[in-house]
Amino acid sequence: MSDEPTLISARGLNLTFGAIAALADVQMDLWPGEMLAIVGESGSGKTTLLNVLSGRLAPDAGTVWYRDPAGHLHDVHAMPAPALRTLHRSDWGFVHQDPRQNLRMTVSAGGNVGERLMAQGARHYGDIRAAALDWLAQVEIDANRIDDLPRTFSGGMQQRLQIARTLVTHPRLVFMDEPTGGLDVSVQARLLDLIRSLVARLRIAVVLVTHDIAVARLLAHRIAVMQRGRIVETGLTDQVLDDPQHPYTQLLVSSVLNA
Amino acid sequence: MKGYNFAYLDEQTKRMIRRGLLKAVAIPGHQVPFGSREMPLPYGWGTGGIQVTASILGPNDVLKVIDQGADDTTNAVSIRRFFAKTAGVKTTTETGEATVIQTRHRIPEKALRADQIIVYQVPQPEPLFRLEPSRVETRRMHGLADYGLMHVKLYEDIARYGQISISYDYPVMVNERYLMSPSPIPAFDNPKMDMMPALQLFGAGREKRIYAIPPWTRVKSLDFEDHPFRAINAPHACGLCGATDSYLDEVVTDDRGGRLFVCSDTDHCASRRAEGHVGADGLREAAE
Amino acid sequence: MLQTIGLAKTFTLHLRGGLTMPVLSDIDLTVNAGECVVLSGPSGAGKSTLLRSLYGNYRAAAGQILVRHRGRMVDIASADPRAILDVRHETLGYVSQFLRVVPRVSALDVAAEPLVIRGVGQDEARDRARALLLQLNIPARLHGIPPATFSGGEQQRVNLARGFIAGHPILLLDEPTASLDADNRAVVIGMVRDAKARGTAIVAICHDADVRDAIADRLFTMTPYQDAVASAA
C-alpha cells in the first residue's frame, strides 16, 4: 500500500519569523488522489506550511519534494522560478480563501477560466470558450454568465469561479487555504459538496488548510493537527477526530459545537 | 552648424545608444533601457526616434521623415530641418531615395530594401501596459514568455464585439519569443514588418526604451486559429490617385459633409499620380 | 476472516488531568466467513468500543486486529492510514448506529457512494442503491432528497443500504435494527442472512433479543473492565 510513491513530501521543515517558530520540524507525505486536511487555530502555522509546501515561501531548513507526472522528483525550493511558475499554472493549483486574489476582476468569467489554457498555448477561440462553458457547468455557474465580470458575482459564485479557473488544466495537486471561509452556511455547504465530488471524480490530491474541523471530517482522508508550528497528531480523519490522543487535539475536538 | 556635434548628440551619447541598439538587435523585440537625453523638444514629440536617428546617421545618409505618412506635416518638417541643420545630410520625400526613414505611426507603402533603416517613434513601448499595471510583473512576464494575459484580452474582444477590436498598435510576437508593441501604426501595416529586408529600430524617449527587429525576422500579429488576423483598410479608393490597397486618410473638405479619402502615405500618392494614375476626385480637380 | 489477539483499549482524558479509562483488555475474538458473532454484555462493557476498534475508528492500545484483506492478513491496529482506508473500501464495512448526515447529498447517492468509491459507474451504483432502498421500504419519492429531514428510522435504513451495498466480506453492525419497526426488522434480518450465505463474516451489537436470536451464530460475552479486574482479583 505504501509502496506507491508519494506525490509531495516534506522533511525537517523549520521556519522562524524573528523569535516565533512558525514551523518546527514539520514533515508530511501526500499520495495521489488523497486529501490531507491541516487543522489548527490561528497562529498554528498551517497557512505558513501551505505556503512553504507550494513554494511560495522558503523555509529556513528542510526540503519539499514533488514528483512530476513523469515520476521525477524535484526539490520545490531549488526549482528555477520559471519552472515553479509553470508548475503553478499546470500541474498544481492554489485556491485562496479570498477568490479575488486569484481572479482577474476586470476579465469575464470565460476569460478567467480560459486564461490558464491560453497561457499554455491554446489558440482556438471556439475550443477555449467550449472548455470554459464546460467548467462553468461543472461548478454550477449558469452558462449565460460566461461573459459577465466576476464583480457581478456573489462571494460563493466567485469562489466557484476560482475553482473552475484552477482546475481547468487538470492539476494533480491543489492547495486550498480556507476555501469556505467567510461564506454563508448554505453557500458553504454547496461549495463543500462541489469540492468533494470534483476531487473524488478527478482524483486530485489536495492539501486543505482549515480551522473548521467539520470541513476536515467531511472532505479529508487524513488529518494533521498543528499547534504552534508543530504537527502534534496525524492520521485517519475519523480516528483522530473520534479518538484523539494528543491533549491539544482533544481540546480542539471537544471545543467544537455540534449543530 | 557651429557649436553642435554632428547630428546634435555628442559621440559618447551616440556610442551609448548604439550599444543599446546592438543589444536590441541581438534580442529581437526585447526592450532595452537607455539613458535618454534631454532633447530640444518635449517628450511626446519624437525624442526617442530622434535620438536613434542621430546615433546612426552618417554624412552620406539620405533622410526621410514622415508623420502619419505625410512628409509635409509640421512635425515631419521640423525634424527634417533639424537634421539638415545639425548633420548637413541630404533629405528627401521619396521613400526609394532614403537610406534612413524616421516615422511616426506609419510604415511607407513602398516596400523597403535591405540597405534602408526605418526608425519608429514610440510613445509606450510596453505592450502589456493597459493589462498589467505593475512593471515588475510585466518584466517577469517578458522574461518568462508568460503572455497568456494578452490572449485573454483578445478573447475578451471577441466575446464582447465578435472580433478583435484593436485597430492600431496591434501586439505582435517577434521571432516567436517576445511580445512587442509595434508603436501606434495601424494594424493594416503590421504585415509589412514580417520578414522586412530593412532594419527596424524603435525609440521611446519618455519611457527610455529601445528595441529592434533585425532584417528578415518573423513578426506575427496575435490572433486565434478561428479568428485570424486581417489587415483592414477603408473600403474606398484614393480620391487623388485611385489606389485601393493603400492606407487612407479621411479628409473633411467642406461644412456640408463633403469627404475625401486620400492615401496617408503622401509620397506613395504623389508617385502614383506622377505615373499617371488618377483617382475620381483627381479627375474632378483637373476638370475645375 | 477476522481475529483479534490480546486487543486492549484505554482512553486517556488529558482534559481531565490525564485520567485513564481502560475499556478493553486482552480481547481474543475470532470470526469466520459466513458466521455472525453478536457482542453481548451490559452497558459500559465496551461493545461499541470494540466494534469501532475493529474498524480502525478507535486506535488500539495493545494487541492485534487481523483482517483477511486481498488474500493477506492485515493488522488494523498497526496499519498506516492509507492501508486502513483500502481495507475499508474493499473488505471491511461498518454500519454505525446513526447516519452521519452530509448536506446536499441525496439518499440515493449516500447509499451508492461505497460502490462509486470502488470504481463502479455512477448509473449502475445508483441502480443498485435504488433497489436496496426499495427493499428497505424507502419509497422512490425520497431517493432524491438528502436524508437530513428523514425520521430516525428512515435515516438508519439509508445507513443500512450504504453498509450492505458493496458486499463487503466483513461487516460490522452497530444496533442495525434499533429504530426500526417489525417489518423493517425482518428485512434487515433477511439481509443479514443473505450476507452470511454469501460468506460474509459479521460482528454485531444488538440489544433486541428476537433479532439477536435470528442472526447470531454465537455470542461473544463482554464484561465491564472494572468487573473483570475485580473478578480476577
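Positions within a chain are numbered from 1, following the residues in the order the chain's sequence is written. Both sets of labels track the order of writing: A upward for chains, 1 upward for ligands. Predicted model: local features are reported for residues with pLDDT of at least 70 only, side-chain atom pairs are reported and counted for 80 or more only, and whole-chain, interface and lining totals are derived from all residues.

A. Structural context of the overall build of chain C. When helices and strands are tallied, chain C shows eight helices and nine strands. In terms of C-alpha radius of gyration, chain C reaches 18 Å, essentially the compact-globule figure of 17 Å for 233 residues. Across its three principal directions, the C-alpha atoms of chain C cover 60 × 40 × 35 Å. In this scheme the burial state of a residue depends on its C-beta neighbours within 10 Å: 20 or more other such atoms mean buried, 12 or fewer mean exposed, and anything in between means partly exposed; the C-beta positions come from the backbone. Here chain C, with 233 residues, has 42% of them falling under the buried criterion. For chain C, long-range pairs separated by at least 24 residues make up 69% of all intrachain contacts whose partners lie at least 6 apart in sequence. Secondary structure elements follow DSSP: runs of H or I of four or more residues count as helices, runs of E of two or more count as strands, with numbering from the N terminus. Radius of gyration: over C-alpha atoms. The globule rule applied is 2.2 Å multiplied by the number of residues raised to the 0.38 power. Here, residue contact means that the backbone-derived C-beta atoms of the two residues sit within 7 Å.

B. Spatial organisation of the interface of chain A and chain C. Every contact between the two is made by 20 residues of chain A and, on the other side, 17 residues of chain C. Put simply, the parts of the chain that give the side of chain A that touches chain C at least two residues each are α6 (185–202), β10 (230–236), α8 (237–242) and α9 (247–255) of chain A. Broken down by element, the side of chain A that touches chain C gets its largest block of residues, four residues, from α9(A).

C. Local environment of the sheet that holds strand β5 (residues 73–75) of chain A. All names here are of chain A. Being paired, for any two strands, means DSSP has found at least two bridges between them. Ordered in space as β2-β1-β4-β5, the four strands form an open sheet in which the pairing is antiparallel. Bordering the open sheet on either side are β2 (20–30) and β5, each of which pairs with just one other strand. Each adjacent strand pair in this sheet contributes to an overall mean axis angle of 25°, direction not counted. For strand β1 (residues 8–17) and β2, the ladder comprises seven bridges, and the chain directions are antiparallel. Looking at β2, one finds that A10 is bridged to M28. Every angle, taken between N-to-C directions, lies between 0 and 180 degrees, and every axis is a line fitted to C-alpha atoms, over only the stretch in contact when it is a helix.

D. Up close: helix α2 (residues 81–90) of chain C. Listed as buried for α2(C) are P81(C), I84(C), V87(C) and R88(C). Down the axis of α2(C), the sector holding all buried residues measures 120°, keeping them to one side. In this fold, the buried residues of α2(C) make contact with β9 (222–227) and β10 of chain A together with β4 (62–69), β5 (72–75) and β6 (92–95) of chain C. The directions considered for the arc run from the helix axis to the C-beta atoms.

E. Quick peek at the pairing of strand β2 (residues 19–31) of chain C. Residue and element names in this part refer to chain C. Bridge count for strand β1 (residues 2–13) against β2 is nine bridges, and the pairing is antiparallel. Looking across to β2, one finds that T12 is bridged to T20. The antiparallel pairing of β1 with β2 creates a hairpin that spans five residues between the two strands, and G17 there sits at a positive phi of about 70°.

F. Fine view of the pairing of strand β9 (residues 209–213) of chain B. Residue and element names in this part refer to chain B. Judged by how many residues are buried, β9 sits mostly within the fold: five of five residues are covered. Where burial is concerned, the two faces of β9 agree: the one with R209, Y211 and I213 and the one with I210 and A212 are both buried. Direction of pairing for strand β1 (residues 32–33) relative to β9: antiparallel, over a ladder of two bridges. When the sheet's bridge partners are listed, V32 is paired in β9 with I210. When strand β8 (residues 199–204) meets β9, the two strands line up antiparallel, connected through five bridges.

G. The arrangement of the nonpolar core in detail. Only buried residues count toward a nonpolar core: Ala, Val, Leu, Ile, Met, Phe, Trp, Tyr and Cys, linked into one set through C-beta atoms within 7 Å. Counting residues in hydrophobic clusters, the biggest one holds 213 residues, and the most contacted among them are A37(A), I38(A), L208(A), A111(C) and A161(C). Ignoring any residue separated from it by four or fewer positions in sequence, one finds I38(A) in contact with K46(A), L49(A), V207(A), L208(A), V209(A), A224(A) and M226(A).

H. How the structure looks around unusual backbone geometry. Unusually for a residue other than glycine, H170(A) sits at a positive phi of about 50°. On the secondary structure map, H170(A) appears in the loop between α5 (155–167) and β7 (173–177). Positive phi outside glycine occurs at H105(B), with the angle close to 65°. Structurally, H105(B) can be placed in the loop between β4 (100–104) and β5 (117–121).

I. Main features of the environment of V199(A). All names here are of chain A. By the secondary structure assignment, V199 is in helix α6. Given 21 C-beta atoms within 10 Å, V199 falls into the buried group. Excluding residues that lie within four positions of it along the chain, V199 makes contacts with M35, I204 and V206.

J. Region of the structure containing the interface of chain B and chain A. The interface of chain B with chain A comprises 14 residues on the first partner and 16 residues on the second. Each residue belonging to the side of chain B that touches chain A can be placed in one class, and the counts come to six nonpolar, three polar and five charged. Polar here means any residue other than Ala, Val, Leu, Ile, Met, Phe, Trp, Tyr, Cys and Pro, which are nonpolar, and Asp, Glu, Lys and Arg, which are charged; Gly is therefore polar.

K. The domain arrangement of chain C, seen in detail. Residue and element names in this part refer to chain C. Domains assigned within chain C are domain 1 (2–91 + 168–232) and domain 2 (101–166). These domain limits were set by an automatic method or by a database of domain assignments. Between the C-alpha centres of domain 1 and domain 2 the distance comes to 24 Å. Between domain 1 and domain 2, the residue contacts involve twelve residues of the former and 13 residues of the latter. The element that contributes the greatest number of residues to the side of domain 1 that touches domain 2 is helix α6 (residues 182–197), accounting for six residues.

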